Amino acid sequence: SVLDEDIENILSYYRINGYWDAVVGPAEIKQTPAEIDQPAGELRVTIPIEEGLQRRLVNLELDGVTSVDEDALRASLPMRPGGPFHPVLQEETTAAIRAFYRSLGYESVQLASTVDWNKEETLADVTFRVLEGPRSVVDRIVVRGNIRTRSRVVRDALGLKPGDFISSARLLEAQANLYRLGSFSSVDVRRAPGTPFRGERDILVD
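Counting from 1, residues in each chain are numbered in the order their sequence is written. Reporting of local features is limited, given that this is a predicted model, to residues whose pLDDT is at least 70; pairs of side-chain atoms are given and counted only at 80 or more, and all residues count toward the totals for whole chains, interfaces and linings. Side-chain calculation: all heavy atoms of the structure are included, whereas hydrogens and water are not.

**Re the layout of surface pockets**
Put simply, the test is: A cavity here means a set of 1 Å grid points, computed over protein atoms only, where a 1.4 Å probe fits but cannot escape. A pocket is an open set with protein on both sides within 12 Å along at least 5 of 7 lines, and lining residues have an atom within 4 Å of a point. Grid points are joined across faces, edges and corners, and a volume is the space filled by probe spheres set on the points. Basically, the charged four are Asp, Glu, Lys and Arg, the nonpolar ten are Ala, Val, Leu, Ile, Met, Phe, Trp, Tyr, Cys and Pro, and anything else, Gly included, counts as polar.
The calculated volume of the largest pocket comes to roughly 230 Å³. Lining the largest pocket are 15 residues, and of these Gly-145, Asn-146, Ile-147, Ser-183 and Phe-184 sit closest to its centre. When the residues that make up the lining of the largest pocket are grouped by side-chain class, the tally is seven nonpolar, five polar and three charged.

**Here's the deal with the sheet that holds strand E7 (residues 123–131)**
For clarity, the cut-off: Following DSSP output, two strands are said to pair if at least two bridges run between them. Helix and strand assignments come from DSSP, with helices taken as H or I runs of at least 4 residues and strands as E runs of at least 2, each series counted from the N terminus. All axes are obtained by fitting lines to C-alpha atoms, using only the stretch in contact for helices, and the reported angles, taken between N-to-C directions, cover 0 to 180 degrees.
Taken in spatial order, the three strands make up an open sheet running E5-E7-E6, and their pairing is mixed. The open sheet terminates on both sides in strands that have one partner only, identified here as strand E5 (56–63) and strand E6 (110–117). Across the sheet, the mean angle separating the axes of adjacent strands is 20° when strand polarity is ignored. Sheet analysis places E5 next to E7, joined by seven bridges and oriented parallel. Directly across from Leu-62, in E7, lies its bridge partner Phe-128.

**Observations regarding the nonpolar core**
The cut-off we apply is this: We define the nonpolar core as a collection of buried residues of types Ala, Val, Leu, Ile, Met, Phe, Trp, Tyr and Cys that are connected through side-chain atoms lying within 4.5 Å of one another. Only protein chains enter the accessibility calculation, which uses a 1.4 Å probe; a residue whose area is less than 20% of its type maximum is buried, one above 50% is exposed, and one in between is partly exposed. Note on contacts: a residue pair is in contact if any heavy atoms of the two residues lie within 4.5 Å.
Leu-73, Ile-97 and Tyr-101 are the most contacted members of the largest nonpolar core, which totals 21 residues. Residue assignment for this core shows that the elements contributing at least two residues are E5, helix H3 (87–103) and E7. At five residues, the largest contribution of residues to this core is made by H3. The contact partners of Tyr-101, leaving out residues within four places of it in the chain, are Val-65, Val-68, Leu-73, Tyr-106, Val-109, Val-130 and Glu-132. Within the second largest apolar cluster, 15 residues are counted, among which are Val-143, Ile-166, Ala-174 and Leu-178.

In structure tokens, the structure reads:
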């Protein structure tokens, strides 16, 4: 069972590196003869591999990227020009682009991708089309449920102010900032429901 897992891992490694047609195994197992420095009963395992052709990425185009640093975005992507191509890498790159935008407050970013192959289908050009959408920013901060602590203290500790961009990570950080005050048994920081395609959002602090 361990050998079967190893063979599957080798095959997965080849495929993620662009060798879609790779053939791995079946393994050949032979018992080695006894030698002076090697006891009898040990096994020699040979795993034959046929690599086949490699699919590679030639060009990676990012269409519609205007509001973020494209160089920083490209540096965060698992798919690189000159590297291997695999649909899994394409999906991971889509997820990485979405995560990059959302970390900067672009919660409604939309993505689509296309692949253009050469005649032999070994070299690919991939284009990601990005519809950035509005950036989520703080409009008003609404503080509720504070009886003994002044709202001004809450807002100062929050670490957010009107005009700042909003991301899930920043909201969690703001919530942690309030817990650090040691004054609250429960804290909830979230966006208020917003209007589609409008970036300004109220922040509710309970």
